[in-house]
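# Secondary and tertiary structure notes
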Amino acid sequence: MKTDVRIIRNKRTFLEELGLEQAAVKGDAVEIVESISFGDSDEAPVSSYGYSREEIRRAPGAAGDILRAVETLPGVSSGGGEFSSFSVRGGSPKENIILIDNIPFDKVTHFSGGSTEEQEKQGGRFSIFAPNLIEDAKFQAGGFSARYGGKFSSFLDLRIKEGNQESPTADGRIDIIGWEVNYDGPVNFINNTGIVVSARHNDFTRILELTGQEEFGSPRFTDLIFKSTTDLNPQHRISLLGLYTPENFDREVEDVFESEEFASNDIACLDEDKSLIGMNWRWLTSKSCYLQSSLYFRNSDREGSLGRAYPLSNLTADPLSEDDFSSRIIQAETLTESEFVSRPLFNYVFYNGASIVTGFEASNNSFDLDVQQFGLDTLYVYDQNDFRPDPSQKYVVTSPENVNVSLDESRSFFSGFGELSYKLLPTVTLNTGLRYEYNGFN
């Protein structure tokens, strides 16, 4: 049974794929009564929860954001209303497995920069998903399947809605923050195909100026998400997924001038582009088994520079404009991460209700990192274990030879897994699995 299904006139509503067998049925009158149904899978532990699109939309304080909706679940906490990342039972936001249409993708938030400690505890501030884009979500706080590895805290499986193959729908918005355009409908020149396109751009510069907070700089981001689904025949279905989510942040001398007593003197220019291109192919090989293969490419490019601005030393009074400041770039960083992955999965269900799932994942991972510091830098906020020649010294001086790093490496990654699910009793299901991982970097 599936609840909270939204029906719109002359629109096709996609639920999920079901296997049916033809049989003659003869019975008495059918009475429909109200009930509450819990549709969790037998393989799901007690710490498993599910969200439909309507439940995400109605979740208090979520505003249609699935990541903020997850924050209301037991054992889940967030870094506060400013952040949309979540942590589970004290773990880091980086220890959550996040899948989008069966494809792992953990860069689902914007503006996760800042200190390493802030990133570990709080993560990003805005989700890359526009409201109503996620069809359903499944969350498990631990105890997740052997087919998922590399993380320890939780598992979140997100499914982007299917495109309507019957009729098109378009909507949009424009306001002081930015704009958004969405399209959901068929592809006229390809049979049995529906697409979903979501594009939005948010720029917070103007709203910060109107609220007297222009000292915080200019944060802005764009999200472009595309999904197509094609039913080749009853046995074969192919879906294509594309994401491109660039973000930019600038804090310049003029923003330092607007800060109180020019105390916040950091300047920065940060640009990051995150992208994903993937394909899912589902093949119903028989009535009792199916093969699902995923092929995808992930890429992340980050480029940034950090520095400081100071009032000119020859001033005899307080600065009157940004022209009365000098600035210096202290550090520059570029980072490129890319990954090409093949991930087939085979599922077989026996007549007695037992099931076997097996598969593997093979990938090639590349990292290109370059960090350069220009001259000496003085830090007045530091870790208590950082070296100081004099323990009473209230600052730390870093030199380029202790900071500069250059890395350009490519390695292979492989994992294989198998799992068995068997229903011992009507209310007791045994799940067991085995996973092996190889990482060329370590």
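The structure contained in this document is the topic of the report that follows.

Criteria and cut-off values
Residues numbered from 1 in each chain as written. Predicted model: local features only at pLDDT ≥ 70, side-chain atom pairs only at ≥ 80, totals over all residues. Heavy atoms only, no water. Pairing = 2+ DSSP bridges. Helix = DSSP H or I, 4+ residues; strand = E, 2+ residues; numbered from the N terminus. Patch = residues over 30% accessible without salt bridge, like charges linked within 9 Å, V, L, I, M, F, W, Y side chains within 5 Å. Areas by Shrake-Rupley, 256 points an atom, 1.4 Å probe, with all protein chains shown as cover. Salt bridge = Lys/Arg side-chain N within 4 Å of Asp/Glu carboxyl O. Buried < 20%, exposed > 50% of the residue type's maximum accessible area, 1.4 Å probe, protein only. Phe/Tyr/Trp six-rings, centres within 6.5 Å; stacked < 30°, edge-to-face > 60°. Lys, Arg positive; Asp, Glu negative; His and termini not counted. Charge placed at Lys NZ, Arg CZ, Asp CG, Glu CD.

### Some thoughts on the sheet that holds strand 9 (residues 154-160)
Within the open sheet, the five strands sit side by side as 1-8-9-4-5. Their pairing is mixed. Pairing within the sheet leaves two strands with one partner each, and these edge strands are strand 1 (48-52) and strand 5 (103-104). Two elements, strand 1 and strand 8 (residues 134-140), share five bridges in a ladder whose sense is antiparallel. Bridge assignment links Tyr51 to a residue of strand 8, and that residue is Ala137.

### Focus: a nonpolar patch on the surface
Side chains of Val197, Phe226, Leu240, Ile277, Met279, Leu295, Phe297 and Phe340 sit close together on the surface and give an oily, nonpolar patch of about 660 Å² of accessible area. Listed by contribution, the elements that provide at least two residues to the nonpolar patch are strand 16 (266-283) and strand 17 (289-311). Position of Leu295 among the secondary structure elements: in strand 17. A relative accessible area of 37% places Leu295 in the partly exposed class.

### Here we look at the packing of aromatic side chains
Pairs of aromatic rings are described using the distance from one ring centre to the other and the angle between the two planes. With the rule as written, the count across this model stands at 16 aromatic pairs. Aromatic side chains Phe86 and Phe139 sit 6.1 Å apart centroid to centroid with 75° between the ring planes, which places their arrangement in the edge-to-face category. In this pair, Phe86 sits in strand 3 (residues 86-88) while Phe139 sits in strand 8, placing the two residues 53 residues apart along the sequence. Grouping residues by exposure puts Phe86 and Phe139 together as buried. Note on Tyr348 and Phe350: the rings are 4.9 Å apart at their centroids and 70° apart in plane angle, and the pair reads as edge-to-face. Judged by relative accessible area, which is 27%, Tyr348 ranks as partly exposed. By relative accessible area, Phe350 is classed as partly exposed at 35%. Taken together, the ring pairs connect Phe111, Phe126, Phe204 and Phe221 into an aromatic cluster.

### A short note on a negative patch on the surface
A surface patch of negative charge is lined by Glu252, Glu254, Glu258, Glu322 and Asp323. Examined against the element boundaries, Asp323 turns out to sit in the loop between strand 17 and strand 18 (325-349).

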